[in-house]
Amino acid sequence: MTRAILHTATALLVSILAACAPALDWREVRPAGSEVRLMLPCKPASHARTVTLNGRRVEMSMYACAAGDVTYAIAFADMADPAAVTPALAELARSASANLRASDTAASSTLVVPGMTPNPQAAQWRIDGRLPDGRQMQEQLALFAHGTRVHQATMVGARIDAEARDTFFSGLAVGR
């Protein structure tokens, strides 16, 4: 009887430890062309394309990866004109909401990223919406600026884990 209890307890302990094992392999990333530092749970791929923000054509760079069912990304673009930064941040927020056909969009709080340039549009957002195929999605979004660069840090997936969200967004910083 004692041996059976010991085996059961050992199996239970192994199960608990396996459940607590970190599924995400966090690492610091410093995207080329940006002074941003962030933590990502996977190795990112980089992409760049020309987009229109606030009526200006700018090159937007993105570093993104997927871990589990969540995509993590940082995107940034240089607006070149300080007067274009605030409207560009507002447009990024509207675009994120429209991309998910948002049923609920809320700025959860103002955002302070160490080293960022203060801006009234700097905020962290939660967006609940749907993909074009109808699947429900959640997005956590942080928008901030550094000089004339606008930045968008994003997590998007069917369900956003609170611990992963906190690690991702608390790891954001600007400056070398």
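Here we summarise the structure given alongside this text.

The rules we used
- Residues numbered from 1 in each chain as written.
- Predicted model: local features only at pLDDT ≥ 70, side-chain atom pairs only at ≥ 80, totals over all residues.
- Heavy atoms only, no water.
- Helix = DSSP H or I, 4+ residues; strand = E, 2+ residues; numbered from the N terminus.
- Expected span 1.5 Å × (residues − 1).
- Buried < 20%, exposed > 50% of the residue type's maximum accessible area, 1.4 Å probe, protein only.
- Salt bridge = Lys/Arg side-chain N within 4 Å of Asp/Glu carboxyl O.
- Pairing = 2+ DSSP bridges.

This paragraph deals with helix H2 (residues 85–99). The first and last C-alpha atoms of H2 sit 21 Å apart over 15 residues, in line with the 21 Å expected at 1.5 Å per residue. Regarding H2, the residues found buried are Val 85, Ala 88, Leu 89, Ala 90, Leu 92, Ala 93, Ala 96 and Ser 97. Following H2 by one or two positions, Arg 101 adopts a phi angle in the positive range, close to 45°.

The next subject is the pattern of salt bridges. Oppositely charged side chains are able to pair whenever their charged atoms sit close together. By the definition in use, this model includes six salt bridges. Between Arg 126 and Asp 128 there is a salt bridge, with the nearest N and O atoms lying 3.2 Å from each other. Exposure remark for Arg 126: the relative accessible area of 34% places this residue in the partly exposed category. Assessed through its relative accessible area of 17%, Asp 128 is described here as buried. For Arg 135, the salt bridge is made with Asp 133, and the minimal N-O distance between the two is 2.9 Å.

In terms of residue burial, strand E8 (residues 136–146) counts as a mostly covered element, since nine of its 11 residues are buried. Pairing analysis gives eight bridges linking strand E7 (residues 123–130) to E8, with the strands arranged antiparallel. By the bridge assignment, Ala 123 is partnered in E8 with Leu 143. Where E8 and strand E9 (residues 149–157) come together, nine bridges link them in antiparallel fashion. Paired with Glu 139 across the bridge in E9 is Val 156.

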